[in-house]
Amino acid sequence: MTNIKIFSDFACPFCYIGFSIANKLRQENPHIDMEWIPYELDPNLSLTGDILTNYIPQDQIDMSYKRIERLGAEYGLIYNNKTKKFNTHRLHKAALYANDKGKYYEFAKESFKSIFQYGKNVGDPLILNEIGLIVGLNIIEMNNCIDNNYFDEKMKEAKNLVSVYNIDSVPTFLVDGKKKITLLKDYEKFKKDLLK
């Protein structure tokens, strides 16, 4: 069985495309084992979030979004929020909970939509509760697990994997622990690179 580890951060607009590629790929190839590895682009970002231009010049943002929107159009992705960035630490833990409950893909899709379509601050636990309720999670149990450090070890393991495999950008698709694919392209070409 092919194993694909996907290093991804919900705050990354390219990762929304990577998620959409992976989702389509798993529907077409149920024999592929996919593992989602949390990767925090800005672990020290405040819980209130920040403005993207404090980190990246506007012309660079505009140039990046031309490519992002072109690639995302294949999956019907909507990018209304191109100005704000958010802390995703608690969101990653909530996603690990959703994964344990067999609802990772539903949760991740709603999380990406919350950030990029609606511009919601996913650093706010109330927004995470909203996402959890939409996909049918027990948010009391979810928050208890997060607040009692249930996912801390998994987050440490993720950081370790980032170091072991020398991951320096997201999304990164790692096939069978050997081949790294990072450059996004249209689905059929990406699939060919991934599975050849």
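Now for a quick tour of the structure. (Residues numbered from 1 in each chain as written. Predicted model: local features only at pLDDT ≥ 70, side-chain atom pairs only at ≥ 80, totals over all residues. Heavy atoms only, no water.)

**Some points on unusual backbone geometry**
1) Next: For the peptide bond that leads from Val 170 to Pro 171, omega is -5°, which places it in the cis range.
2) Next: The phi dihedral of Asn 149 is positive, around 65°, even though this residue is not glycine.
3) Next: Of note, Asn 149 is situated in the loop between α6 (139-147) and α7 (152-164).
4) Next: Of note in this structure, Asp 176 is not a glycine but carries a positive phi near 50°.
5) Next: By secondary structure assignment, the location of Asp 176 is in the loop between β5 (172-175) and β6 (179-181). (Helix = DSSP H or I, 4+ residues; strand = E, 2+ residues; numbered from the N terminus.)

**Overview of the layout of surface pockets**
1) Next: Of the pockets and cavities examined, the largest pocket occupies roughly 460 Å³.
2) Next: Lining the largest pocket we find 23 residues, and of these Ala 11, Cys 12, Pro 13, Leu 52 and Ile 56 sit closest to its centre.
3) Next: Contributing elements (two or more residues each) for the lining of the largest pocket: α1 (13-28), α2 (58-72), β4 (84-85) and α4 (104-117).
4) Next: The element that contributes the greatest number of residues to the lining of the largest pocket is α2, accounting for five residues.
5) Next: As for the second largest pocket, its lining consists of 21 residues, of which Trp 36, Ile 37, Pro 38, Leu 96 and Asn 99 are closest to the centre.
6) Next: Elements with a minimum of two residues in the lining of the second largest pocket: β1 (3-8), β2 (33-38), α3 (89-100), α4 and α7. (1 Å grid on protein atoms, 1.4 Å probe; cavity = no way out; pocket = protein on both sides within 12 Å on 5 of 7 lines; lining within 4 Å. Points joined across faces, edges and corners; volume = space filled by probe spheres on them.)

**Some remarks on the pattern of salt bridges**
1) Next: Throughout the structure, instances matching the rule amount to 14 salt bridges.
2) Next: For Lys 191, the salt bridge is made with Glu 28, and the minimal N-O distance between the two is 3.1 Å. Of this pair, Lys 191 sits in helix α8 (residues 187-195) while Glu 28 is found in helix α1, placing the two residues 163 residues apart along the sequence.
3) Next: Judged by its relative accessible area of 38%, Glu 28 falls in the partly exposed class.
4) Next: In this structure, Glu 188 engages Lys 191 in a salt bridge whose closest nitrogen and oxygen atoms are separated by 3.6 Å. Of this pair, Glu 188 and Lys 191 are both found in helix α8, three residues apart, which corresponds to roughly one turn of the helix.
5) Next: When salt bridges with common partners are traced through the structure, they connect Glu 28, Glu 188 and Lys 191 into a single cluster. (Salt bridge = Lys/Arg side-chain N within 4 Å of Asp/Glu carboxyl O. Buried < 20%, exposed > 50% of the residue type's maximum accessible area, 1.4 Å probe, protein only.)

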